[in-house]
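# Architecture and fold: a report
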Amino acid sequence: MSFPHRPLKPLALALAIMMMLPAGACGTTGAEPFTYPIAVAGAGASFPIGDWQVTLDRADLALGPLYLCATAAASPELCEVALGEFAEVAVIDLLAAEPQPIGEVLALAGDVRSAMLDYGISWFTTQARATAGSELGHSAHLSGTAVRGADILDFDAVIDVLPPLRGSPALVGVRARVDDPDQGSRLLLRINPGAWLLGLDFDALAALGPDVEIRPGDPAHATIAFAMTTQPPVFSWTHE
């Protein structure tokens, strides 16, 4: 379940290479891989934006692949071998009240200082273009209603967050800090979809009509996609 076409060497691939090397080659120490669970928690569905009260009735997000790195300023060049990876793409309902388990992190021992990730759309070096990796077909689908007095606006936003370069994740250098997690660790990502809508001009959207579709190429789409990169998931670890 790894993606061997990044400039970095995904953990599963690195472990396979290590197992094929003679003992002591290339400074390997026989580090044993382990796994620990990863879950995602969303946030409230109703919130104010200016004079508008916004309520989401759908907030689906495609998350992954995700890589954990030893360097604080993560990049494919600085994260040559991942210390942890979630190599799948999970579709998450960010309106769900409870944290949602999405799988396991495959990890090696070591301090984590940052993360890199895709929002469900990856651009591997073997691909001519970025490709969605889940049934959602996009990075996010957000829909809901904005109310201001007697004004009611229904909106439906389909968002694509594309990697900027072939071989690079969409987000790099995401803050993620924990000292030497082990198989008793638990990783929780907290994501607030409402924060991605704070930059929208609902007055301008309402001027378009009572029902608005936001799609790639629209100014509102660019606003949401940019917010998804500047307000990434919040990483926190606990230990049993």
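For the structure itself, look to the data block above.
Calculation criteria
Residues numbered from 1 in each chain as written. Predicted model: local features only at pLDDT ≥ 70, side-chain atom pairs only at ≥ 80, totals over all residues. Heavy atoms only, no water. Salt bridge = Lys/Arg side-chain N within 4 Å of Asp/Glu carboxyl O. Helix = DSSP H or I, 4+ residues; strand = E, 2+ residues; numbered from the N terminus. Buried < 20%, exposed > 50% of the residue type's maximum accessible area, 1.4 Å probe, protein only. Pairing = 2+ DSSP bridges. Axes fitted to C-alpha atoms, helices over the stretch in contact; angles between N-to-C directions. Polar contact = N/O pair within 3.5 Å; in protein donor to acceptor, adjacent residues only side chain to side chain. Contact = heavy atoms within 4.5 Å.

This part takes up the pattern of salt bridges. If charged atoms from side chains of opposite charge come close, those side chains can pair. The full count for this structure, using the stated rule, is eight salt bridges. Notably, a salt bridge pairs Arg113 with Asp179, separated by 2.6 Å at the nearest N-O pair. In this pair, Arg113 is assigned in strand E8 (residues 112-117) and Asp179 in the loop between strand E13 (171-178) and strand E14 (185-190), connecting sequence segments 66 residues apart. Classification of Arg113 as buried rests on a relative accessible area of 17%.

Below, the discussion takes up the sheet that holds E13. An order of E13-E8-E4-E5-E7-E1-E14-E16 is seen for the eight strands of this open sheet, with the pairing classed as mixed. Each edge of the open sheet is held by one strand with a lone partner, namely E13 and strand E16 (234-239). Each adjacent strand pair in this sheet contributes to an overall mean axis angle of 25°, direction not counted. Pairing between strand E4 (residues 66-69) and strand E5 (residues 84-86): three bridges, direction antiparallel. Its bridge partner lying in E5, Leu68 is registered against Gly84.

Here His141 is to be found in strand E11 (residues 140-148). For His141, the side chain forms a polar contact with the side chain of Asp156, separated by 2.8 Å. Leave out the neighbours within four places in its chain, and His141 touches Arg58, Ala59, Asp60, Leu136, Asp156, Ala157 and Val158.

By the criterion of burial, E8 is predominantly enclosed, with six of the six residues buried. For E4 and E8, the ladder comprises four bridges, and the chain directions are antiparallel. By the bridge assignment, Tyr67 is partnered in E8 with Met116. Pairing analysis gives four bridges linking E8 to E13, with the strands arranged antiparallel.

A few words now on unusual backbone geometry. Residue Pro65 is bonded to the preceding Gly64 through a cis peptide linkage, with omega at -5°. Following the sequence through the fold, Pro65 ends up in the loop between strand E3 (52-63) and E4. Even without a glycine there, the phi angle at Asp180 is positive, about 45°. Assignment of secondary structure puts Asp180 in the loop between E13 and E14. On the basis of relative accessible area, Asp180 is assigned to the partly exposed category, the value being 44%.

Our focus in this paragraph is the environment of Leu61. By the element assignment, Leu61 lies in strand E3. For Leu61 and Ala140, which are 79 residues apart along the polypeptide, the C-alpha to C-alpha distance reads 4.4 Å. Not counting chain neighbours up to four residues away, the residues in contact with Leu61 comprise Ala90, Val91, Ile92, Leu94, Tyr119, Leu136, Ser139, Ala140, Ile191, Trp196 and Met228.

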